[in-house]
Amino acid sequence: MDNNSSDIDIVVLTKGVPDFREGKVSFDEHGHLERGKTPTVMNPNDRFAMKAALQTKVRSGGKITVMSMGPPGYKEILQEAMNIYADELYLLSDREMAAADTWATAITICSAVEKLDPTPDIVFAGFKTADGETGHTGPQTSWALEWPIITHVVSLDVDVDERKIRARRLVQGDIKEIETVEVDLPCFVIPDPEFEAEYPRASHRLRLQNLTEETQVRSDAYEETLTMWDHKELNLDPDFIGLDGSPTIVGRVDPIPKAPSDREATIIDLENKSGLEEMLGIMAPFAGGK
Amino acid sequence: MREYEHYEAIVVGAGPGGAAAAAVLAENDIETIVLERGMEAGSKNVSGGLIYAEESSPYTIDNLFPEFRNEATERPITEYKLHNISGEKVASFDLKGLHEYDTKWCDSVLRRKMDSWLSKEVQSRTQETGGGLINGIHVNGLLRDENGKIKGVTCDEIDPITADVVIAADGVTSELARASGLMDWERPEEWFQGVKVVVDLKEVDNIFDLEPETGIAHLFSGDLFEGVRGGGFLYTNQESLSIGTVFHLDSIMEEEAESHELLNKLLTHPLLGQWLDKDYCELEYSAKLVPDSKKAANPNPHLDRLLLVGDAAGQMQAQGPIIKGMNHAVTAGALAAEAFVEMKERGDSEKAGERYELKLRQTGLMGKLRPPMYSVVKVVAENKVATAIVDGVLTSPVGRAAIRTMGKRIGKLYNVPILSMAIPDTSTPYVTLPTIIGQEVGEIIKSKNLVDPPELADRISKLAYDTDIGKPHIELIDNSYAASGGAVTACPVSAVGFGGGCYRMEEIEVDGKIELRVSLDTQPCIECGTCAVVAKTEWSNPRGNKGVEFKHG
């Protein structure tokens, strides 16, 4: 199946971000993130991109390449992706690429995607990262590639013969309004966190199981499938990438003030039965979703 | 019309029957897909806990899966005792003879461990055929062609699938068996209900005085179950016990008995005090409907391309105190697969069902499930007058004297296989006889029982559920007390006056008059199927991965 010429070549872009989950993230006394003490994980929204890529591979065949840009330590982020599914891993890593804003990142990734042979048919990216929250890198990369982009995708179907992608997407990011679009390949796709992979056929489920088992095995020796590229390999001028190539200037970082709230919390002693009864009395009218 | 995916064979359910069928199909290179509704095989399965391998059977589970006994079972059961109980007096007999009759081996099992191991074997073998095993798929019905002939299955999660043969091994709550009209859920007298707890016990060897690689089964009958026809069991596992009760469902209905309370009578009887102490800890409460093959086994369990095996076909043999279900499911599953393979070779795979039926008879399996002798005994003995006369004699001084005279030799009678196969379904063998034996030749048990069994609410709260919110899998069609009130007591997770169960009795005012109604909440449901028989419901299993998840089974 993997060598079929009508297969779809897929790239998934992912980024390592601080693990903001309770118990993992660490802040100093000023409320600043302690980067060294906080583990780096795959950006949570990228899971939806991974799922969409895997659905495409299961249903239409093809190859999944997962690509990230960052320090060499980001290799483990790629292993995390491979646990979901990846055939090949690429890490764009170079001091010259460091401290890039979304613009310089997009230029770098675009060069790497174009260098892949064959040129991919679909690039999937997550809907904004948990650290920067800009949501710019994906769209800017699609602009650099001069590809059409579909955002907020909740379900998709790839027509290999017609070389088209049909997607259902949220209009204005609102679940209440969904439109269906059809776009020629190649195409850039950003799945929404509402994205749900669909495997309507028994053969899909079987292939999904097989692929999931395969990728687990591959993931144990993931460095064997990992390629590292620096700016020379991508033929990029250091002046146009990394900090030097970033037009964004960060003036100052202010902590976000605590959101004002007029709600009050009442502490209930679990040992105190009357306290519990009172709470149940308050909650009772809301039972049943009223 | 939309084109469906086609496989040579579909096996529904990855229990022992489905695993056996899949193994034989894969062995013969038949492209086979196995669909299991649990998130893992075994998460929906419960059994009392003994699996036999019979000398006379053409297939046993260890023939098909050579590592089975090393990987999937708990202990070999090497001792078998029957206790006749009358109050605190107990007369115990050794039933080893009956237990070993036609037995190659017998092991205790816990189904989550057993079925999940089997399913991994099945997965790799069926993958080789181009198929495989998929968990989390609920097969909800039959796919028929324009003439109404069965050609495949429909599922909640995936598109319909067609096949040359569909082997339904989807258990006692088989929706395919009902959709095809081959089985029904009408008569309580065709069913038993089993209730079981798995009890944590690290020191099984010491407490039961067992050598390594040995185990014991204890059976209990007599007056401790308040006249409800049935009995109790205790089987030793590696580091736990399976303790349970099995009663005729019609008797549970007649006596309005609460099965969990009857189970508590057993758990708190002085006899069990020698093994259980105040640190008694239940790991899991479960229940299951059990077909009585003497009445329920369909002699022609097939229609078009559909072949039923195991509990789905009522193939559960209660041979007096010996209960054999899983081994027959294995044999039937393998025979069904074999029948398809043979008929396919002859280019006549549509006749697989007839061939399967023939094999069930020729191998003697149908004879075990529906013993010819039972039908003779049934006419004579399952007659109220006859029961009254026999019970009258037994309880008279003459009967009691006879039992005293026979003394321990009564044990020999219990060990006669042909007699045990023909035990009538009356109170005589279950209640009257054991009680009198206990009274006349029993000894008073001196041990104290300090077990304080958990409340039903605690038993339910210990279970794991993934509730399909907003999609109850059982619908109450008639909520009048007359039609569905039986479920309030018979449902193993419901009880009169208990608000946390599935079925509740409610008083409502209709035109100024108070009427009794039944209400249903499927959240605590353990998917046994009892209410499908005793109440008016539209019963189906939950979607794949949803509902209760047994960790031990």
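Data block above holds the structure.
Residues numbered from 1 in each chain as written. Chains lettered and ligands numbered in written order. Predicted model: local features only at pLDDT ≥ 70, side-chain atom pairs only at ≥ 80, totals over all residues. Heavy atoms only, no water.

Caption draft 1: Region of the structure containing the packing of aromatic side chains. Residues and elements named next belong to chain B. Applying the stated criterion across every chain yields a total of nine aromatic pairs over all chains. Relative to Trp117, the ring of Phe65 has its centre 6.4 Å away and its plane inclined at 75°; by these criteria the two rings are edge-to-face. Of this pair, Phe65 sits in the loop between helix 2 (61–64) and helix 3 (68–71) while Trp117 sits in helix 5 (residues 111–127), and the two are 52 residues apart along the sequence. There is no split in this pair, since Phe65 and Trp117 are both buried. Here Phe225 and Phe247 contribute two aromatic rings whose centre-to-centre distance is 5.0 Å and whose plane-to-plane angle is 80°, an arrangement assigned as edge-to-face. Residue Phe225 is found in the loop between strand 13 (216–222) and strand 14 (230–236), and its partner Phe247 is found in strand 15 (residues 240–248); the two are separated by 22 residues along the sequence. Take Phe247: its relative accessible area is 0%, and that puts it in the buried class. These aromatic residues form a ring-pair network of at least three members: Phe65, Phe68, Trp105 and Trp117. (Phe/Tyr/Trp six-rings, centres within 6.5 Å; stacked < 30°, edge-to-face > 60°. Helix = DSSP H or I, 4+ residues; strand = E, 2+ residues; numbered from the N terminus. Buried < 20%, exposed > 50% of the residue type's maximum accessible area, 1.4 Å probe, protein only.)

Caption draft 2: Region of interest: the sheet that holds strand 3 (residues 50–54) of chain B. All names here are of chain B. The strand order 3-7-4 describes an open sheet built from three strands, whose pairing is antiparallel. Looking at which strands have only one partner, the edges of the open sheet turn out to be strand 3 and strand 4 (75–76). Two elements, strand 3 and strand 7 (residues 103–108), share five bridges in a ladder whose sense is antiparallel. Within the sheet, the bridge partner assigned to Ile51 lies in strand 7 and is Asp107. (Pairing = 2+ DSSP bridges.)

Caption draft 3: Representation of the environment of Asp102 of chain B in the model. All names here are of chain B. Along the chain, Asp102 turns up in the loop between helix 4 (96–100) and strand 7. Along the sequence, Asp102 and Tyr52 sit 50 residues apart, while their C-alpha atoms lie 9.5 Å from each other. Discounting chain neighbours no more than four positions away, the residues touching Asp102 are Ala53, Glu54, Glu55, Ser56 and Lys368. In terms of polar contacts, Asp102 uses its side chain to reach the side chain of Ser56, at 2.5 Å. (Contact = heavy atoms within 4.5 Å. Polar contact = N/O pair within 3.5 Å; in protein donor to acceptor, adjacent residues only side chain to side chain.)

Caption draft 4: Just the packing of helix 3 (residues 102–115) of chain A against helix 4 (residues 137–145) of chain A, in detail. All names here are of chain A. Between helix 3 and helix 4, the shortest axis-to-axis distance is 8 Å and the interhelical angle comes to 50°. The orientation of helix 3 relative to helix 4 falls into the category oblique. Two packed elements cross with a definite hand, and for helix 3 against helix 4 that hand is right-handed. On helix 4, the residues that touch Thr102, Trp103, Thr105, Ala106, Ile109, Cys110, Val113 and Glu114 of helix 3 are Thr137, Gln140, Thr141, Trp143, Ala144 and Leu145. In the contact of helix 3 with helix 4, the residues fall into eight nonpolar, five polar and one charged. (Axes fitted to C-alpha atoms, helices over the stretch in contact; angles between N-to-C directions. Parallel < 35°, antiparallel > 145°, perpendicular 65-115°, else oblique. Left-handed = near helix turned anticlockwise from the far one by under 90°. Nonpolar A, V, L, I, M, F, W, Y, C, P; charged D, E, K, R; others polar.)

Caption draft 5: Highlighting the environment of Arg305 of chain B. Residues and elements named next belong to chain B. Topologically, Arg305 is positioned in the loop between strand 17 (302–303) and strand 18 (306–308). Sequence separation between Arg305 and Gly15 is 290 residues; the distance between their C-alpha atoms is 20 Å. Leaving out residues up to four positions away in the same chain, Arg305 has contacts with Ile150, Lys151, Ala163, Asp164, Val165, Val166 and Glu350.

Caption draft 6: Layout of helix 4 of chain A. All names here are of chain A. Here helix 4 has its buried residues at Gly138, Thr141, Ser142, Ala144 and Leu145. Relative to the axis of helix 4, the buried residues are bounded by an arc of 160° and lie together on one face. Where helix 4 terminates, the next one or two residues include Glu146, which has phi positive at roughly 60°. (Arc of directions from axis to C-beta.)

Caption draft 7: View of the interface of chain B and chain A. The partner chain A presents 10 residues to the 19 residues of chain B that form the contact. Regarding the contact of chain B and chain A, the summed buried area is about 1,100 Å², with carbon and sulfur atoms giving 43% of it. Interface area lost by chain B to chain A is led by Glu5, Ile134 and Ile158 of chain B, which between them contribute 41%. On the surface where chain B and chain A come into contact, there are two salt bridges. The residue Arg201 of chain A makes a salt bridge to Asp159 of chain B at a minimum N-O spacing of 3.8 Å. If you look at where chain B meets chain A, you find nine residue pairs in polar contact (both at pLDDT 80 or more). Of all the elements, strand 8 (residues 132–134) of chain B adds the most residues to the side of chain B that touches chain A, at three residues. Each residue belonging to the side of chain B that touches chain A can be placed in one class, and the counts come to eight nonpolar, six polar and five charged. (Buried area = accessible area lost by both parts, 1.4 Å probe. Salt bridge = Lys/Arg side-chain N within 4 Å of Asp/Glu carboxyl O.)

Caption draft 8: A look at the packing of helix 1 (residues 16–27) of chain B against helix 12 (residues 326–345) of chain B. Residues and elements named next belong to chain B. At a minimum axis distance of 7 Å, the contact between helix 1 and helix 12 shows a crossing angle of 30°. When the axes of helix 1 and helix 12 are compared, the pair comes out roughly parallel. Between helix 1 and helix 12 lies a crossing whose hand is right-handed. In contact with Pro16, Gly17, Ala20, Ala21, Val24 and Leu25 of helix 1, helix 12 contributes Met326, Ala329, Val330, Gly333, Ala334, Ala337, Glu338, Phe340 and Val341.

Caption draft 9: Broad picture of the state of the cysteines. Residues and elements named next belong to chain B. Tallied over the entire structure, the rule returns zero disulfides over all chains. Here Cys491 stays unpaired: no disulfide links it, and the sulfur of Cys502, its closest cysteine neighbor, is 4.5 Å away. Here Cys491 falls in the buried class, since its relative accessible area comes to 7%. (Disulfide = S-S within 2.5 Å.)

Caption draft 10: Local environment of helix 20 (residues 427–441) of chain B. All names here are of chain B. Between its terminal C-alpha atoms helix 20 stretches 20 Å, which fits the 21 Å expected from 15 residues at 1.5 Å a residue. In helix 20, a bend of some 30° at Leu433 exceeds every other bend along the element, and Pro434, a proline, comes one to four places later. Taken across its 15 residues, helix 20 has 12 buried, putting it largely inside the fold. Looking at helix 20, one finds that the buried residues are Thr428, Pro429, Tyr430, Val431, Thr432, Pro434, Thr435, Ile436, Ile437, Gly438, Glu440 and Val441. (Expected span 1.5 Å × (residues − 1). Bend = angle between axes of the 7 residues up to and from the residue.)

Caption draft 11: A look at the sheet that holds strand 13 of chain B. All names here are of chain B. Across the sheet, which stays open at both edges, the eight strands sit in the order 16-12-15-14-13-5-6-21 with mixed pairing between neighbours. Each end of this open sheet is capped by a strand with a single partner; those strands are strand 16 (282–291) and strand 21 (443–444). Pairing analysis gives six bridges linking strand 5 (residues 79–86) to strand 6 (residues 89–94), with the strands arranged antiparallel. In the strand pairing of strand 6, Leu82 is matched with Phe93. Its contacts with the sheet place helix 9 (residues 259–267) against strand 12 (191–200), strand 13, strand 14, strand 15 and strand 16, and it is angled at close to 130° to strand 15. Here helix 20 sits on the sheet in contact with strand 5, strand 6, strand 12, strand 13, strand 14, strand 15 and strand 21, set at roughly 85° to strand 5.

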